[in-house]
Amino acid sequence: MPQAIGEIITDSCLKIDGKLYHIECQSVDDTTMAIRMIEYDFSIAIENAQKQGRKYRMDFPKSCVLYLRSGKNTPDFLEIEMVLSDEKIVHYRVPTMKLETYTRNSIFEKNLLMLLPFYIMRYEKDIYEMSENPEMFQS
């Protein structure tokens, strides 16, 4: 289904015990990801804004980016420094997760089962060698 003009689509936004969690999966290290994340999070916060008399309260979700592929330049955090109209500075910071740092055992130990479908991606560089070497493929 095509995306409507102005519509923002996130990968995953969950509400658990009254708190919002936003997870984006990213297959490449995209330098615009911080801007995209604040856009997604702002949209989520507006959608869930609560009116309190004549003012509103917007709670931003607890967010992270899961990098399915990462490199030495992939940051541990995405950051934006916002200067508001009253000159207050707000730091927007989103942690990143790098799939390559999780072993098969750590995924099970930490109960991060949602990572299992992506685990095979760590072997994509070795696919040709595996196809030629059945022992490597089995291990």
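## As for the overall build of the chain
For step 1, the next point in the chain: Secondary structure summary: the chain contains five helices and seven strands in total.
For step 2, the next point in the chain: Mapped in sequence order, the helices and strands of the chain form the string β-β-α-β-β-β-β-β-α-α-α-α.
For step 3, the next point in the chain: Looking at the chain as a whole, 27% of its 139 residues qualify as buried.
For step 4, the next point in the chain: Contacts in the chain between residues far apart in sequence, at least 24 positions, make up 48% of those at least 6 positions apart.
For step 5, the next point in the chain: As presented, the chain carries roughly 10500 Å² of accessible surface, and 54% of it is formed by carbon and sulfur atoms.

## Considerations on the side chain of Lys98
For step 1, the next point in the chain: Within the fold, Lys98 resides in strand S7 (residues 89–98).
For step 2, the next point in the chain: Beyond its immediate sequence surroundings of up to four residues, Lys98 is in contact with Tyr67, Ser70, Thr74, Pro75 and Asp76.

## Description of a nonpolar patch on the surface
For step 1, the next point in the chain: A cluster of nonpolar side chains, namely Phe42, Ile46, Met58 and Phe60, defines an oily patch on the protein surface of about 350 Å² accessible area.
For step 2, the next point in the chain: Position of Phe60 among the secondary structure elements: in the loop between strand S4 (55–57) and strand S5 (62–67).

## Here's the deal with the pairing of strand S2 (residues 19–26)
Side chains on a regular strand alternate between the two faces of the sheet.
For step 1, the next point in the chain: Across five bridges, the pairing between strand S1 (residues 12–16) and S2 is antiparallel. Across the sheet, the residue bridging to Ile16 is Lys19, located in S2.
For step 2, the next point in the chain: The turn linking S1 back onto S2 is made up of two residues, and Asp17 within it adopts a positive phi angle of 50°.

## Details of the packing of aromatic side chains
Two aromatic rings are characterised by how far apart their centres lie and by the angle between their planes.
For step 1, the next point in the chain: For the structure on display, the rule yields one aromatic pair.
For step 2, the next point in the chain: Sitting over the face of the ring of Phe77, Arg93 holds its NZ or CZ atom 3.6 Å from the ring centroid.

## Some remarks on the sheet that holds S1
For step 1, the next point in the chain: Taken in spatial order, the five strands line up as S1-S2-S5-S7-S6 in an open sheet, and their pairing is mixed. Two strands lie at the open edges of the sheet, namely S1 and strand S6 (77–83), each paired on one side alone. Looking at each pair of strands side by side, their axes are set apart by 25° on average, direction ignored.
For step 2, the next point in the chain: Pairing geometry for S2 and S5, over six bridges, is parallel.

## A word on the state of the cysteines
For step 1, the next point in the chain: This model, assessed by the stated rule, comprises zero disulfides.
For step 2, the next point in the chain: Free of any disulfide, Cys25 has its nearest neighbouring cysteine sulfur in Cys64, separated by 8.4 Å.

## Considerations on unusual backbone geometry
For step 1, the next point in the chain: A positive phi angle, close to 50°, is found at Asp17, a residue other than glycine.
For step 2, the next point in the chain: The phi dihedral of Asn111 falls on the positive side, at around 55°, and the residue is not glycine.
For step 3, the next point in the chain: Tracing the sequence through the fold places Asn111 in the loop between helix H2 (104–109) and helix H3 (116–119).

## A short note on the pairing of S6
For step 1, the next point in the chain: By the bridge criterion, seven bridges tie S6 to S7 in an arrangement that is antiparallel. The partner of Glu79 across the bridge, within S7, is Arg93.
For step 2, the next point in the chain: Hairpin geometry of S6 and S7 is characterised by an intervening segment of five residues between the two adjacent antiparallel strands and by a positive phi of about 75° at Glu87.

## Some words on the pattern of salt bridges
For step 1, the next point in the chain: Applying the stated criterion across every chain, the model contains five salt bridges.
For step 2, the next point in the chain: Salt-bridge contacts for Glu79 lead to Arg93; the nearest nitrogen and oxygen are separated by 3.2 Å. Note that Glu79 is positioned in strand S6 and Arg93 in strand S7, a separation of 14 residues in sequence. Arg93 shares its class with Glu79; the two are exposed.

Rules behind the numbers
All residue numbers here refer to positions counted from 1 along the written sequence of the relevant chain. Totals for whole chains, interfaces and linings use all residues, but because this is a predicted model, local features are given only for residues with pLDDT of at least 70 and pairs of side-chain atoms are given and counted only at 80 or more. Only heavy atoms go into the side-chain values, all of them from the structure, while hydrogens and water stay out. Secondary structure elements follow DSSP: runs of H or I no shorter than four residues count as helices, runs of E no shorter than two count as strands, and numbering proceeds from the N terminus. Categorising residues by exposure relies on relative accessible area from a 1.4 Å probe, with only protein chains included: less than 20% of the type maximum marks a residue as buried, more than 50% marks it as exposed, and the intermediate range marks it as partly exposed. Whether two residues are in contact is decided by their heavy atoms: any pair within 4.5 Å suffices. Computed by Shrake-Rupley with a 1.4 Å probe, the accessible areas treat only the displayed protein chains as cover when residues are assessed. To count toward a patch, a residue needs a relative accessible area above 30% and no salt bridge. Like charges then connect within 9 Å, nonpolar side chains (Val, Leu, Ile, Met, Phe, Trp, Tyr) within 5 Å. We count a salt bridge whenever a side-chain nitrogen from Lys or Arg sits within 4 Å of a carboxyl oxygen from Asp or Glu. Paired strands, in this sense, are two strands between which DSSP finds at least two bridges. Aromatic pairing here means that ring centres of Phe, Tyr or Trp (its six-membered ring) are within 6.5 Å. Orientation follows from the plane angle: under 30 degrees is stacked, over 60 is edge-to-face, and everything else is tilted. Lysine and arginine charges are scored as sitting over a ring when NZ or CZ, respectively, is within 6 Å of the ring centre and within 35 degrees of the ring normal. Geometry is summarised by axes, namely lines fitted to C-alpha atoms with helices restricted to the contacting stretch, and by angles between N-to-C directions that run from 0 to 180 degrees. Pairs of cysteine sulfur atoms within 2.5 Å are identified as disulfides in what follows.

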